[in-house]
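Spelled out from the first residue to the last, the chains are:
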Amino acid sequence: MKKKGTLPPKDLEDWNKYIENPIDIFDKDLLKNKSNKIDSYKFDLHGCALEEANNRVKNVINNCIKRKIYKVIFITGKGLHSKTDENVYTSNTLSKLKYSVPDYIKTNPEISELVQSIETAPNKEGGDGAIVIKLKKATR
């Protein structure tokens, strides 16, 4: 067995080149269509607190607009494991991401002007546990 040590210079050079451009790693969140064009972006919000989820939604929407991706799927979950029943000061519906994310998008002028529609995802894209956001295409 060889003792662990430094990599040979050639291996280190190859590794650094690979890290800079890992072309064979598939980004599971970028969904491509039949013509291999990026069709949509999927982002999982499970486990996010409300404010954190809102910040991520805003960032994802802005990044998708920049990358010319006009369909975003947010995985929110169905809220079945939410602990909102334990706190009398928490709403049973508005604290759940499946309700609060669309509400946040609709009430935030900076984001709502970028959004064309908000829908519950079809079953093949997450059903009641996901939201499909269609973004407006830039007219500039």
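Basis of the calculations
Residues numbered from 1 in each chain as written. Predicted model: local features only at pLDDT ≥ 70, side-chain atom pairs only at ≥ 80, totals over all residues. Heavy atoms only, no water. Helix = DSSP H or I, 4+ residues; strand = E, 2+ residues; numbered from the N terminus. Buried < 20%, exposed > 50% of the residue type's maximum accessible area, 1.4 Å probe, protein only. Areas by Shrake-Rupley, 256 points an atom, 1.4 Å probe, with all protein chains shown as cover. Polar contact = N/O pair within 3.5 Å; in protein donor to acceptor, adjacent residues only side chain to side chain. Contact = heavy atoms within 4.5 Å. Core = buried A, V, L, I, M, F, W, Y, C linked by side-chain atoms within 4.5 Å. Axes fitted to C-alpha atoms, helices over the stretch in contact; angles between N-to-C directions. Parallel < 35°, antiparallel > 145°, perpendicular 65-115°, else oblique. Left-handed = near helix turned anticlockwise from the far one by under 90°. Phe/Tyr/Trp six-rings, centres within 6.5 Å; stacked < 30°, edge-to-face > 60°.

A. View of the overall build of the protein chain. Helix and strand counts for the protein chain stand at 4 helices and 5 strands. In sequence order, the protein chain lays out its α and β elements as α-β-β-α-β-α-α-β-β. A buried classification covers 31% of the 140 residues belonging to the protein chain. Put simply, the protein chain shows about 10,500 Å² of open surface, and 51% of that area lies on carbon and sulfur atoms.

B. Structural view of the side chain of K71. Position of K71 among the secondary structure elements: in strand β3 (residues 71-75). A polar contact of 2.8 Å, which involves the side chain of K71, links it to the side chain of E125. Other than its neighbours up to four places away in sequence, K71 contacts D39, S40, Y41, E125, V132 and I133.

C. Focus on the nonpolar core. Among the nonpolar cores identified, the biggest contains 22 residues, and L45, V57, I61, F74, I105 and I133 are the most heavily contacted of them. Broken down by secondary-structure element, the contributors of at least two residues to this core are β2 (38-44), α2 (50-66), β3, α3 (97-107) and β5 (130-135). Ranked by residue count, the leading element in this core is α2, at 5 residues. When neighbours within four sequence positions are excluded, I61 is seen to be in contact with F74, I105, I111, L114, V115 and L135. Counting 5 residues, the second-largest nonpolar core is a separate cluster that includes I75, A121, A130 and V132.

D. Here's a closer look at the packing of α2 against α3. Look at α2 against α3: their axes get within 10 Å of each other, and the N-to-C directions meet at 50 degrees. Looking at the two axes, α2 sits oblique to α3. Every pair of crossing elements has a handedness; the one defined by α2 and α3 is right-handed. Mapping the contact onto sequence places L50, A53, N54, V57, K58 and I61 in α2 and L97, S100, V101, Y104 and I105 in α3.

E. Structural context of the packing of aromatic side chains. Considering all chains together, one arrives at 2 aromatic pairs under this definition. Ring centres of Y41 and F43 lie 6.5 Å apart, and the angle between their planes is 25 degrees; on these two criteria the pair is classed as stacked. On the accessibility criterion, F43 (18% relative accessible area) is buried. Ring geometry for F43 versus F74: centroids 6.5 Å apart, planes at 75 degrees, classification edge-to-face. Taken together, the residues span a long stretch of sequence, with F43 in strand β2 and F74 in strand β3 at a distance of 31 residues. Joined through ring pairs, the aromatic side chains of Y41, F43 and F74 make up one cluster.

Nothing here speaks to function; it is geometry throughout.
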